[in-house]
Amino acid sequence: AANGRSTLSIRTLGHWATLMAQLHNGDWVLIEFAHNDEKKDRPEIYADPEVAFPANLRAMIAEVRARGAHPVLATPVVRRHWSENGTLDQTHGAYVDAVKSVAKEEDVPLLDMEAISREIVTEAGPEGSRKFYNVFKPGEVAMFPEGKTDNTHFTVEGARVMASAAAAELLRMKAPFVSQ
C-alpha cells in the first residue's frame, strides 16, 4: 500500500509492478481506490468514474487472477463532510457505484467500506467523529499548534476503528484469508 495513489498512478509510479512481482498463487489482494482518482485537477492521477476507473479496476482484477491470486474490491471510506441538515455527504459520487458494478460484473468479493464507515461516522455524529479524523483545534495537538482540518485521513484511533470494522466484515463474509 502507498498513500496518495490512484488506479492510474499506482502503475505509472511502479507500485503495481512491484506488487505483481511479489504475488504468489493463492494470495489475496485487497483493491481499494477512489479518493485520488477523483482529482480532476491532477491529470497524473485522475481516472473518470465512467470509463477509466472501472477499466483500471478490471485490468487489476485480470492481472491478479492471471497470477493465480484472488482479488477483493473495496469501496472507499467516507470523508467527514456533514451537510447542513446533519447528514453525512456522499463525497465519492459515481466511484462507489463503479466499484460495486465492477465487483458484480467480475464476480469479485466486495468489502463495502463506504457503507461500513458511513455507519460508524454517522453514529458518532459531527462532533464525535472528529476523533476519527485529523481534525484538531489550535493548541489541541502539539504536532499541529495552529490546528488542522483534514476530514479525509484518519487518526490512529480512526484507523484502528476502520481496520477492526473491515476485519469484522471480512470475517462475516467468510473470506478464506481471515481467521478469528
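About the criteria used
Residues numbered from 1 in each chain as written. Predicted model: local features only at pLDDT ≥ 70, side-chain atom pairs only at ≥ 80, totals over all residues. Heavy atoms only, no water. Helix = DSSP H or I, 4+ residues; strand = E, 2+ residues; numbered from the N terminus. Rg over C-alpha atoms; globule rule 2.2 N^0.38 Å. Contact = heavy atoms within 4.5 Å. Areas by Shrake-Rupley, 256 points an atom, 1.4 Å probe, with all protein chains shown as cover. Lys, Arg positive; Asp, Glu negative; His and termini not counted. Charge placed at Lys NZ, Arg CZ, Asp CG, Glu CD. Phe/Tyr/Trp six-rings, centres within 6.5 Å; stacked < 30°, edge-to-face > 60°. Axes fitted to C-alpha atoms, helices over the stretch in contact; angles between N-to-C directions. Parallel < 35°, antiparallel > 145°, perpendicular 65-115°, else oblique. Left-handed = near helix turned anticlockwise from the far one by under 90°. Nonpolar A, V, L, I, M, F, W, Y, C, P; charged D, E, K, R; others polar. Salt bridge = Lys/Arg side-chain N within 4 Å of Asp/Glu carboxyl O. Buried < 20%, exposed > 50% of the residue type's maximum accessible area, 1.4 Å probe, protein only. Pairing = 2+ DSSP bridges. Expected span 1.5 Å × (residues − 1). Arc of directions from axis to C-beta.

A. The overall build of the protein chain, seen in detail. The helix and strand tally for the protein chain stands at 6 helices and 5 strands. For the protein chain, the succession of helices and strands along the chain, N to C, is α-α-β-α-β-α-β-α-β-β-α. The C-alpha atoms of the protein chain give a radius of gyration of 17 Å, which matches the 16 Å a tight globule of 180 residues would have. C-alpha atoms of the protein chain, sized along the principal axes, occupy 50 × 40 × 35 Å. Residue pairs at least 24 apart in sequence account for 66% of intrachain contacts in the protein chain once pairs closer than 6 positions are excluded. Carbon together with sulfur atoms contributes 53% to the accessible area of the protein chain, which is approximately 10000 Å² in total. Taken as two groups, the 20 positive and 25 negative side-chain charges of the protein chain have centres that lie 3 Å from each other.

B. Inspection of the packing of aromatic side chains at higher detail. A full pass over the atoms with the stated rule returns 4 aromatic pairs. Look at Trp 28 and Phe 177: their rings are 5.1 Å apart centre to centre, the planes differ by 40 degrees, and that puts the pair in the tilted class. Of this pair, Trp 28 sits in strand S1 (residues 28–32) while Phe 177 sits in the segment after helix H6 (156–172); the two residues are 149 residues apart in sequence, bridging distant segments of the chain. Centre to centre, the rings of Phe 136 and Phe 144 are 5.7 Å apart; their planes meet at 10 degrees, and the pair counts as stacked.

C. Inspection of the packing of helix H5 (residues 113–128) against H6 at higher detail. Two elements in contact, H5 and H6, have axes separated by 10 Å at closest approach and are oriented at 130 degrees. By the angle between their directions, the pair H5 and H6 is classed as oblique. At the point where H5 passes H6, the crossing takes the right-handed sense. Contact residues: Met 113, Ile 116, Ser 117, Ile 120 and Val 121 in H5; Val 161, Met 162, Ala 165, Ala 166 and Glu 169 in H6. Considered class by class, the residues forming the contact of H5 with H6 number 8 nonpolar, 1 polar and 1 charged.

D. Main features of the pattern of salt bridges. Throughout the structure, instances matching the rule amount to 11 salt bridges. Between Glu 106 and Arg 58 there is a salt bridge, with its nearest N and O atoms 3.7 Å apart. One end of the pair, Glu 106, is in helix H4 (residues 94–106); the other, Arg 58, is in helix H3 (residues 52–66), with 48 residues separating them in the sequence. Judged by relative accessible area, Glu 106 falls into the partly exposed class, the value being 24%. Residue Arg 172 is joined to Glu 169 by a salt bridge in which the shortest nitrogen-to-oxygen separation is 2.7 Å.

E. Main features of the sheet that holds strand S3 (residues 110–111). Across the sheet, which stays open at both edges, the 3 strands sit in the order S1-S2-S3 with parallel pairing between neighbours. Looking at which strands have only one partner, the edges of the open sheet turn out to be S1 and S3. As paired elements, S1 and strand S2 (residues 70–74) share 5 bridges and run parallel to each other. Across the sheet, the residue bridging to Ile 31 is Leu 73, located in S2. Sheet contacts for H3: S1 and S2; angle to S2, the most-contacted strand, approximately 155 degrees.

F. Inspection of H3 at higher detail. Taking 1.5 Å of rise per residue, 15 residues should cover 21 Å, and H3 covers 21 Å from first to last C-alpha, within 8% of that figure. Within the span of H3, buried status applies to Phe 53, Pro 54, Asn 56, Leu 57, Met 60, Ile 61 and Val 64. Looking straight down H3, one finds that the buried residues subtend no more than 160 degrees of arc, so they occupy a single side. Along its buried surface, H3 packs onto helix H1 (9–12), helix H2 (15–22), S1, S2 and H4. Taken from the residues just after H3, Gly 68 is the one with a positive phi, measuring 80 degrees.

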